[in-house]
Amino acid sequence: MARKRSFDRAEVVFHEGDAADAVHLVTRGRFALRVVSPLGQSAMLAVRGPGETFGEFALVAEGTRRTVSVAALELGETVSVGREAFLGLVRRHPSLMDVLVALLAERLRYSDKRILAQQFLDADARVRWALLELVPVYADTDGVVPLTQENLAELAGTARGTVNRVLREEQERGAVALERGRIRVLDPDALADRVHGLPQR
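Residues numbered from 1 in each chain as written. Predicted model: local features only at pLDDT ≥ 70, side-chain atom pairs only at ≥ 80, totals over all residues. Heavy atoms only, no water.

1. Some thoughts on the environment of Gly181
And then number 1: Tracing the sequence through the fold places Gly181 in the loop between strand S10 (176-179) and strand S11 (182-185).
And then number 2: With 32 residues separating them in the primary sequence, Gly181 and Gln149 have C-alpha atoms 7.8 Å apart. (Helix = DSSP H or I, 4+ residues; strand = E, 2+ residues; numbered from the N terminus.)

2. Considerations on the sheet that holds strand S3 (residues 22-28)
And then number 1: Read from one edge to the other, the open sheet built from four strands follows the order S1-S8-S3-S6, with strand pairing classed as antiparallel. Two strands bound the open sheet, and with one partner strand each, they are strand S1 (3-7) and strand S6 (53-54). (Pairing = 2+ DSSP bridges.)

3. As for the pairing of strand S5 (residues 42-48)
And then number 1: In the sheet, strand S4 (residues 31-36) pairs with S5 via six bridges, with the strands oriented antiparallel. In the strand pairing of S5, Arg34 is matched with Met44.
And then number 2: Where S4 hands over to S5, the hairpin turn is made up of five residues, of which Gly40 adopts a positive phi near 90°.

4. Focus on the pattern of salt bridges
And then number 1: Enumeration according to the criterion identifies 20 salt bridges in this entry.
And then number 2: Between Asp142 and Arg184 there is a salt bridge; the shortest N-O distance is 3.7 Å. Here Asp142 is found in the loop between helix H3 (123-134) and strand S9 (144-145), whereas its partner Arg184 is found in strand S11, with 42 residues between them in sequence.
And then number 3: On the accessibility criterion, Asp142 (65% relative accessible area) is exposed.
And then number 4: Here Glu179 ties to Arg182 by a salt bridge, and the two come within 2.6 Å at their closest N and O atoms. (Salt bridge = Lys/Arg side-chain N within 4 Å of Asp/Glu carboxyl O. Buried < 20%, exposed > 50% of the residue type's maximum accessible area, 1.4 Å probe, protein only.)

What follows is the structure in structure tokens.
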């Protein structure tokens, strides 16, 4: 019942406002989740990599619309499962509903973390936090996060100048190495030690 789909770099999977009709499981590559303000400003909310999913809310209720836009950051593949197909499978295997609940719970946890970061961290700490959130997504690249400083600024909700300054400070400390169009994280523990302000939960 799953449909395999391939995407070129920068190819859009779906747009914010499209009909939500399927969930996607990433099998290769990374995908950026973005929203656009009424003034046309874009903000990257998250990056999903192999083994992760996006579009889960399509399985929850009929007639819903996409709340984000998703595009491939590199050559990528997903397998997509439509809502009706998934519900038919759940009728035969009710325990699969636990999978959906777990997926939605993970999305809620991530949303909570973003809210806490925006509420309690200053701009410098948010840059470090956003970079640390990307490390597991790029776990197979030997610490290399192949995103631009503009991308990181979107994730951190701050200006590119702030990102540049923080990354240069961390490079001087030996925690990261700045390479052309990408960031190599050398010491994530040191970065984490300098993220202060999040309440203990």
